[in-house]
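# Descriptive structure summary
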Amino acid sequence: MASLSLVSIMILTQVILSQAAEFKCGNRHFNSLVPNTWTCCAGKLYAQKQGLFLACCNNKCFNPNEQHCCGNQIYPRYNINTACCNGKSYQRGTHSCCGKNVINLKTHDCCRNKAYDRKTHICCNGVISQKASSNARCCGQQSYNPEQNTCCAEKIVERVGGEHARCCAMKSYDSKTYSCCMGQVIPSAKGKDKCCNGVMIDSKVDICCGGEVQSKLYGAQTACCRVGGKQLSDLPEGVNEKDIVAMLGGGHVTYDKSQSKCCFGALKFNVFGQDAACCGQNIYNTKTHMCCLNKVHRRLPGVPERCCNDKPFDRSRHLCCKGVLHDIGKNERSYKFCCNSVIYDRRKAHCDEKKTVSVYQCQDPIYLYGIRGNKIPLIY
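Residues numbered from 1 in each chain as written. Predicted model: local features only at pLDDT ≥ 70, side-chain atom pairs only at ≥ 80, totals over all residues. Heavy atoms only, no water.

The name given to the chain in an unreviewed UniProt entry is Galaxin-like repeats domain-containing protein, and the organism recorded there is Clytia hemisphaerica.

As structure tokens, this is what we get:
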């Protein structure tokens, strides 16, 4: 191989120097072929030593591994918990930044950026209140002594019953001798553990059905169903599921829930066992059928189905976009997405903030890079 001439070496040197990064520090210009070899601070150049990186703080050079800059002052960095609070250095864990002040967590705490003494005060829903006792608790935004008072419906009331004290609406009562039933405190009776329309009942032998006490004819399998009212189809669209039963009206009956199922006011005999479920006012087998908007449809074996409004669809072949069903090609599922009711290919377009499809104005392919550095085409 022929040796390089002096002219070639000079040209090569100029090319290398032209590719070096140019910096300015004060009135000095310098080139650096290796990054992070110099630090400019207060117009002076400092050479970076091996394994040591220098930084600048208020025109002073410091080592960020051992120090930190806080409020234009250099402080020691003791460990990873060293932090800055409004120009003051502190240690997280033992101290905290509250508003603009550093507080000692052994004696103080923070309440909505305001510091307070934990021995004498307490933070109640963002309000600092003086402690009513050493073991004070909060009731709303007030402090109270739990040995003398209790908090019922965010109101401080006199504590009744000591450790057995409970709340009934805004009253305190002794749960050992009294019970709370529909907001009223009534004397407890042996075995009476449930409230039914103002009357205490024994839930082992009775059930509260429609506000009336009825015997558990079927033991633990006894349940209550509202029947004889309106049909589900008579109700307006968009009714909350929690309000459906109340809007159906009708009376109440007890039934054996191991033999029947109560489906929105319709009592249906259960022939499907544990696989039974309600679809509107009908009963169906969840293994062989599916329910879409109160309509029962037969499942297709081996097909991953979901509902699109009141119709089932194959997720591997279709996409449901706000109730509109779209066909998708084979192996295209990972590229097709919904934008409102429209389907789009994310390799060629995107869904903007206004939920409209915008086609990429790009002729050349855009690539992502995989873990192994291989190119993955994103846009075609």
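## Let's talk about the overall build of the chain
Selection criterion: Counting from the N terminus, the helices are DSSP H or I runs at least four residues long and the strands are E runs at least two residues long. Here's how the labels work: a residue is buried when its accessible area is under 20% of the maximum for its type, exposed when over 50%, partly exposed in between, all with a 1.4 Å probe on protein chains only. In what follows, a contact means two residues having at least one pair of non-hydrogen atoms within 4.5 Å. Calculation of accessible area relied on Shrake-Rupley with a 1.4 Å probe; when residues are assessed, cover is drawn exclusively from the protein chains displayed.
Looking only at helices and strands, one finds 2 helices and 46 strands in the chain. Taken over 380 residues, the chain has a buried fraction of 25%. Taking the contacts inside the chain whose residues are at least 6 apart along the sequence as the reference set, 9% of them involve residues at least 24 apart. When the accessible surface of the chain is summed, it comes to about 26,100 Å², and 49% of that surface belongs to carbon and sulfur atoms.

## Quick word on the packing of aromatic side chains
Threshold: Only centres within 6.5 Å qualify two rings of Phe, Tyr or Trp (six-membered ring in Trp) as a pair; their planes then separate them into stacked at under 30 degrees, edge-to-face at over 60, and tilted for everything else.
A complete count under the given rule lists 1 aromatic pair for this structure. With a centroid separation of 6.5 Å and an interplanar angle of 40 degrees, the aromatic rings of Phe337 and Tyr344 are classed as tilted. For Tyr344, a relative accessible area of 14% puts it in the buried group.

## With respect to the state of the cysteines
For clarity, the threshold we go by: Any two cysteine sulfur atoms within 2.5 Å of one another count as a disulfide.
All told, the structure shown has 19 disulfides when counted by the stated rule. Covalently, Cys111 is tied to Cys123 through a disulfide, its sulfur atoms 2.1 Å apart. Across the S-S bond of Cys111 and Cys123 the torsion is about 60 degrees, and the bridge reads as right-handed. Of the two residues, Cys111 sits in strand β13 (residues 108-111) while Cys123 sits in strand β15 (residues 121-124), which places them 12 residues apart along the sequence. Judged by its relative accessible area of 2%, Cys111 falls in the buried class.

## So, unusual backbone geometry
Phi angles above zero are rare outside glycine, and Asn125 is one such case at about 50 degrees. Along the chain, Asn125 turns up in the loop between β15 and β16 (127-130). Taking relative accessible area as the criterion, Asn125 reaches 49% and is therefore assigned partly exposed. Within the chain, Glu154 stands out as a residue other than glycine whose phi angle is a positive 60 degrees. Tracing the backbone shows Glu154 in the loop between β19 (149-152) and β20 (155-158).

## Let's talk about the pairing of strand β40 (residues 324-327)
Put simply, the rule is: The criterion for strand pairing is that DSSP finds at least two bridges linking the strands in question.
Where strand β39 (residues 318-321) lies against β40, 4 bridges are found, and the strand directions are antiparallel. Its bridge partner lying in β40, Cys320 is registered against Leu325. Where β39 folds back on β40, the antiparallel hairpin that results is connected by 2 residues, among which Lys322 adopts a positive phi of roughly 50 degrees.

## Looking at the pairing of strand β38 (residues 311-314)
Note that strand β37 (residues 305-308) and β38 share 4 bridges and pair antiparallel. Note that in β38 the partner of Arg306 across the bridge is Phe313. Between β37 and β38, which pair antiparallel in sequence order, lie 2 residues; one of them, Asn309, sits at a positive phi of approximately 60 degrees.

## As for the side chain of Thr150
For Thr150, the location among the structural elements is in strand β19. A relative accessible area of 12% places Thr150 in the buried class. Filtering out sequence-adjacent residues up to four positions away, Thr150 remains in contact with Tyr144, Lys155, Ile156, Val157, Glu158, Arg159, Cys167 and Ser172.

## A look at the pattern of salt bridges
Operational definition: Salt bridge, as used here: a side-chain nitrogen of Lys or Arg that lies within 4 Å of a carboxyl oxygen of Asp or Glu.
Enumeration according to the criterion identifies 2 salt bridges in this entry. Asp275 is the salt-bridge partner of Lys287, the closest N and O atoms lying 3.9 Å from each other. Here Asp275 lies in the loop between β32 (266-269) and β33 (276-279) and Lys287 lies in the loop between β34 (282-285) and β35 (289-292), a separation of 12 residues in the sequence. Between Asp310 and Lys295 there is a salt bridge, with the nearest N and O atoms lying 3.0 Å from each other. One end of the pair, Asp310, is in the loop between β37 and β38; the other, Lys295, is in strand β36 (residues 295-298), and 15 residues separate them in sequence.

## Points about the environment of Cys123
For Cys123, a relative accessible area of 25% puts it in the partly exposed group. Residues Cys123 and Arg112 lie 11 residues apart in sequence; the distance between their C-alpha atoms is 8.9 Å.

## Let's talk about the environment of Val324
The topology assignment puts Val324 in strand β40. Considering only alpha carbons, one finds Val324 and Asn340, 16 residues apart in sequence, at a separation of 9.5 Å. Excluding anything up to four places from it in sequence, Val324 contacts Cys308, Leu319 and Ser341.

## Here's the deal with the confidence of the model for the chain
To keep things clear, this is the line we draw: Confidence per residue, as judged by the predictor, is encoded in pLDDT with a range of 0 to 100.
When the pLDDT values of the chain are averaged, the result is 82; 78% of them are 70 or greater. The low-confidence segment residues 15-20, where pLDDT is below 50, has 5 contacts with residues more than four positions distant or belonging to other chains. This model gives residues 362-380 a pLDDT under 50, and the stretch forms 23 contacts once residues within four places in sequence are excluded.

## Details of the side chain of Gln91
The cut-off we apply is this: Any N or O atom pair separated by 3.5 Å or less is treated as a polar contact, with the protein-specific requirement of one donor-capable and one acceptor-capable atom, and with residues adjacent in sequence counted only for side-chain atom pairs.
Tracing the backbone through its elements, the reader meets Gln91 in strand β10 (residues 88-91). There is a polar contact of 2.5 Å between the side chain of Gln91 and the side chain of Thr82.

## Let's talk about the environment of Asp206
Mapping Asp206 onto the fold places it in strand β27 (residues 206-209). Among the residues examined, Asp206 registers a relative accessible area of 18% and is labelled buried. For the pair Asp206 and Leu217, spaced 11 residues apart in the sequence, the C-alpha separation amounts to 8.7 Å. Apart from the residues within four sequence positions on either side, Asp206 is in contact with Ile201, Val213, Gln214, Ser215 and Lys216.

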